[in-house]
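Now for the letters of each chain:
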Amino acid sequence: MNLAEGVQLVSFIILTVMMLGAALAVVLTPNIVYSAFLLGAVFSAMAGLYLLLNASFVAAAQILVYVGAINVLILFAIMLVNKREDFAPVKYAWTRKIVTAAVCGGLFLLLGTTIITTPWAIDSTAAAGDEAIYILGEHFFTDFLLPFELVSVLLLMALIGAIVLARRDIIPDGDALGDDLKLPEKPRELVSAVASSESESN
Amino acid sequence: MNSGIDLQGTFINSLRDLGLPPGISKLFWMPLPMILMVIGATVGLLVLVWLERKISAAAQQRVGPEYAGPQGSLQAAVDGLKLIFKEDIIPAKADSALFTIGPILVILPVFISYLVVPFGQNLIISDVGLGIFLWIALSSIQPIGLLMSGYASNNKYSLLGGLRAAAQSISYEIPLALAVLAVVMMSNSMSTIDIVQQQSGYGILGWNVWRQPVGFVIFWIAALAECERLPFDLPEAEEELVAGYQTEYSGMKFALFYIASYVNLLLSAIMVAVLYLGGWESPIPLDRLAGWLGQPETNPILQVITASMGILMTLFKTYLLVFLAILMRWTLPRVRIDQLLDLGWKFLLPVALVNLLVTAALKISLPFAFGG
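Residues numbered from 1 in each chain as written. Chains lettered and ligands numbered in written order. Predicted model: local features only at pLDDT ≥ 70, side-chain atom pairs only at ≥ 80, totals over all residues. Heavy atoms only, no water.

### So, the overall build of chain A
Short version of the rule: Secondary structure elements are taken from DSSP: a helix is a run of H or I of four residues or more, a strand is a run of E of two residues or more, and numbering for both begins at the N terminus. The classification of residues rests on relative accessible area computed with a 1.4 Å probe and restricted to protein chains. Under 20% of the type maximum is buried, over 50% is exposed, and intermediate values are partly exposed. Any two residues whose heavy atoms approach within 4.5 Å are treated as being in contact.
Looking only at helices and strands, chain A features seven helices and zero strands. Each helix and strand of chain A, ordered N terminal to C terminal, gives the series α-α-α-α-α-α-α. When the 202 residues of chain A are sorted by exposure, 15% land in the buried category. Intrachain contacts of chain A at a sequence separation of at least 6 include 47% that bridge at least 24 residues.

Written out as structure tokens, the structure reads:
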């Protein structure tokens, strides 16, 4: 084993341990903020694994999209809605945990056996490395054009939906909706309406 | 193609001549450029802090630091020494683990990004194909550190500062990336070396700033916003938020934020120089000058001169931009948070998109000038 292989093996072990540990901690910590930060660690470890597989572009995109955008948005959502609430302890809560653990373990076993028993066709051609960008671009504009465009339309729809939800002047106000659909929030301040009419008169 | 000086090859070959196996000699080489770059960034930081103080003083008709070293040039080092010896306070109700990890997450990506900073054809730590994209990806980690330290401080000003910082970084990352994308499209590569190569040959006339004037302005504004420099220093706006996410920090942890912000400013200035001002290229093309003087490209003295001129030119352009940033700090008032987000989303983003489209159109119609 030469130096490069040794480094790769050690980094692989470190990354795997980091990823599994962080992923378990995401699920098991009671503090949701810790979970969100640990999720970032999971994504970073995954980027490291991509890097070990010679897919540097995918690794950087993973960091940019998952760590830099999605995880930050999750954190944003948690911190803006951080309602510190003491939950009343539920009786027999431990049964729920056991059932969840059983379901998760079963799912893990199922997936594990599927992965082991399936005869995977392993591609033996060398990894594209830095050429990957060109290959990806070519795929996006030829055989993956339709999925690519569909994803962009889907994202656009999500974007517009979020804006519609956020702008309260589009949705009819509270009373028409009934109590079930109302979001728990502070009563809106009446001062802002006065202030805006004042500034208009100025 | 003249590849200039190959320090790595020479170093490894000389170690191999001493009887070491090639793997080991490469292992000896690897830490050298990294250490050199960290030291370079730190010295650059000290110079930058001194410049900031001196230029600020000049803008306000003061003298500025004067006693520590000639013209107060050791002031930044003395400040650093003071911060090392200060007590490291963790507030009683703060989350001590996150409170400690936060500053580290802020400073790490900045220093790793120096991996792709080129000072010459071979004067770069690693010419990774990702190049400039690596910098963008790494700089997106920073907001997590800011959010973390803002949250862990258990202080409403800190939390607001952290949230503002994250919102600001996310919104200005998009115009920044789009401006970079236009340059990448012209040079057909994301490697910083190739981007500079593509601007070489015609001296000052070949620089990207003439082909990408809009992109240059967008990039500069977005880079200033990413560095949280005035007029975009809302996350730590002292009149509103005490000091934003840094409020509860003291000693070395505060110093980490301080170092990260200045090293990031330096890095952004270097990136502007690389992307738009021709990187290590001189305003007058040196190799043509040498050609006129009848010197062959392989002349060792000429190579040393070219390499040192490259480093000098990169630093000169960088500090010129830094000077501009410091002057802007004392000229422009701070924007409000809604103005900041408006500028990012409603002005810079559409303009950057149009710039990208126009660049693509020009690349197809005028391939000789826009990198076809």
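From this point, things continue past the structure.
### Considering the overall build of chain B
Stated formally: Using C-alpha atoms as the atom set, the radius of gyration is obtained and then compared with a globule rule of 2.2 Å times the number of residues to the power 0.38.
Regarding its fold elements, chain B presents 16 helices and zero strands. Against the 2.2 N^0.38 benchmark of 21 Å for 372 residues, chain B shows a C-alpha radius of gyration of 22 Å, consistent with a compact globule. Referenced to the eigenvectors of the C-alpha coordinate spread, the extents of chain B come out at roughly 70 × 55 × 45 Å. Here chain B holds 372 residues, and 49% of them are scored as buried. For chain B, the share of sequence-separated contacts (at least 6 apart) that also reach a separation of at least 24 residues comes to 78%.

### Looking at the packing of helix α3 (residues 31–59) of chain B against helix α13 (residues 251–276) of chain B
All names here are of chain B. Using the following cut-off: Each axis is a line fitted through C-alpha atoms, and for a helix only the stretch in contact is used; angles between axes span 0 to 180 degrees, taken between their N-to-C directions. Any angle that is under 35 degrees is reported as roughly parallel, and any over 145 degrees as roughly antiparallel; angles of 65 to 115 degrees are reported as roughly perpendicular and all others as oblique. Under the convention adopted here, Pro, Cys and the residues Ala, Val, Leu, Ile, Met, Phe, Trp and Tyr are nonpolar, Asp, Glu, Lys and Arg are charged, and Gly plus all remaining residues are polar.
Here α3 crosses α13 at 95 degrees, and the two axes come no closer than 9 Å. Comparing the axis directions of α3 and α13 gives the class roughly perpendicular. For the pair α3 and α13, contact is made by Ala41, Gly44, Leu45, Leu48, Val49 and Glu52 and by Tyr258, Ile259, Tyr262, Val263, Leu265 and Leu266, respectively. When its residues are assigned to classes, the contact of α3 with α13 shows 10 nonpolar, one polar and one charged.

### Looking at helix α11 (residues 213–226) of chain B
Residue and element names in this part refer to chain B. Short version of the rule: What a helix should span is 1.5 Å times the count of its residues minus one.
Taking 1.5 Å of rise per residue, 14 residues should cover 20 Å, and α11 covers 20 Å from first to last C-alpha, within 8% of that figure. When you tally the buried positions in α11, you get 10 out of 14 residues, the bulk of the element. Burial in α11 covers these residues: Gly215, Phe216, Ile218, Phe219, Trp220, Ala222, Ala223, Leu224, Ala225 and Glu226. On the buried face of α11, the contacting elements are α6 (132–139), α8 (156–187), α10 (208–211), α13, α15 (300–331) and α16 (337–365). In the stretch just after α11, glutamate 228 is the one whose phi turns positive, near 55 degrees.

### A look at the environment of A:Ile160
All names here are of chain A. In this fold, isoleucine 160 is placed in helix α6 (residues 145–166). For isoleucine 160, a relative accessible area of 47% puts it in the partly exposed group. Distance from isoleucine 160 to glycine 105, taken between C-alpha atoms, is 38 Å for residues 55 residues apart in sequence.

### Observations concerning a nonpolar patch on the surface
To keep things clear, this is the line we draw: For patches, a residue must show more than 30% relative accessible area and have no salt bridge; joins then use 9 Å for like charges and 5 Å for nonpolar side chains, namely Val, Leu, Ile, Met, Phe, Trp and Tyr. Throughout, the Shrake-Rupley method with a 1.4 Å probe supplies accessible areas, and for residues the shown protein chains are the sole cover considered. By convention in these notes, a salt bridge is any Lys or Arg side-chain nitrogen within 4 Å of a carboxyl oxygen on Asp or Glu.
A cluster of nonpolar side chains, contributed by A:Leu3, A:Val7, B:Leu20, B:Ile24, B:Leu27, B:Phe28, B:Met30 and B:Met34, occupies part of the molecular surface with about 680 Å² of accessible area. Ranked by the residues each element gives to the nonpolar patch, the list is headed by helix α2 (residues 22–29) of chain B, at three residues. As for its position among the elements, B:Leu20 is in the loop between α1 (7–17) and α2.

### Quick look at the side chain of B:Ser139
Residue and element names in this part refer to chain B. As a reminder of what qualifies: Any pair of N or O atoms that falls within 3.5 Å is considered a polar contact. Within protein, one atom must be able to donate a hydrogen and the other to accept it, and sequence-neighbouring residues count only if both atoms are side-chain atoms.
Inspection of the secondary structure puts serine 139 in helix α6. Looking at serine 139, its side chain comes within polar contact range of the main-chain oxygen of isoleucine 136, at 3.0 Å. When residues no more than four places from it in sequence are discounted, the contact partners of serine 139 are Glu173 and Glu226.

### A look at a negative patch on the surface
Put simply, the test is: In summary, the charge assignment counts Lys and Arg as positive and Asp and Glu as negative, without counting His or the chain termini. For the purpose of locating charges, the reference atoms are NZ of Lys, CZ of Arg, CG of Asp and CD of Glu.
A contiguous patch of negative charge, built from A:Asp130, A:Glu131, B:Asp127 and B:Asp194, is present on the exposed surface. Mapped onto the secondary structure, B:Asp194 falls in helix α9 (residues 192–199). Residue B:Asp194 is classed as partly exposed on the basis of its relative accessible area, which comes to 33%.

### Examining the nonpolar core
Using the following cut-off: Here, nonpolar core means buried Ala, Val, Leu, Ile, Met, Phe, Trp, Tyr and Cys residues that are tied together by side-chain atoms lying within 4.5 Å of each other.
In this structure, B:Tyr114 and B:Phe219 are the most contacted members of the largest nonpolar core, which totals 107 residues. Look past the residues within four positions of B:Tyr114 in its chain and what remains in contact with it is B:Met37, B:Ala41, B:Ile125, B:Val263, B:Leu266, B:Leu267 and B:Ile270.

### Let's talk about the interface of chain B and chain A
Each partner contributes residues to the interface: chain B has 24 residues there, and chain A has 23 residues. Taken together, the connections running from chain B to chain A amount to zero salt bridges. Summed over the shared surface of chain B and chain A, the result is two residue pairs in polar contact (both at pLDDT 80 or more). Looking at the side of chain B that touches chain A, the elements with two or more residues in it are α2, α6, α7 (142–152) and α8 of chain B. Per-element accounting of the side of chain B that touches chain A gives the leading share, six residues, to α8(B). Class assignment of the residues belonging to the side of chain B that touches chain A gives a composition of 18 nonpolar, four polar and two charged.

### Brief notes about the pattern of salt bridges
Residues and elements named next belong to chain B. Tallied over the full model, the rule gives five salt bridges over all chains. Note that arginine 329 and glutamate 52 form a salt bridge whose closest N and O atoms lie 2.6 Å from each other. One end of the pair, arginine 329, is in helix α15; the other, glutamate 52, is in helix α3, and 277 residues separate them in sequence. Take arginine 329: its relative accessible area is 26%, and that puts it in the partly exposed class. Looking at glutamate 52, the relative accessible area reads 4%, which means it is buried. The partner of aspartate 338 in a salt bridge is arginine 336, and the shortest N-O contact between them spans 3.0 Å. On the basis of relative accessibility, which here comes to 37%, the residue aspartate 338 falls in the partly exposed class.

### Some words on the packing of aromatic side chains
Residues and elements named next belong to chain A. Note the cut-off: Each pair of aromatic rings taken from Phe, Tyr and Trp, with Trp reduced to its six-membered ring, is defined by centres within 6.5 Å and is described as stacked if the planes are under 30 degrees apart, edge-to-face if over 60, and tilted in the remaining cases.
By the definition in use, this model includes 12 aromatic pairs over all chains. A centroid spacing of 4.3 Å and a plane angle of 25 degrees characterise the contact between phenylalanine 140 and phenylalanine 148, whose relative ring orientation is stacked. According to the relative accessible area criterion, phenylalanine 148 is partly exposed, its value standing at 34%.

### Topic: unusual backbone geometry
The residue A:Asn54 is not glycine, and still its phi comes out positive at about 70 degrees. By the element assignment, A:Asn54 lies in the loop between α2 (32–52) and α3 (56–80). Backbone geometry at B:Asn154 places phi at a positive 55 degrees, although glycine is not the residue there. Assignment of secondary structure puts B:Asn154 in the loop between α7 and α8.

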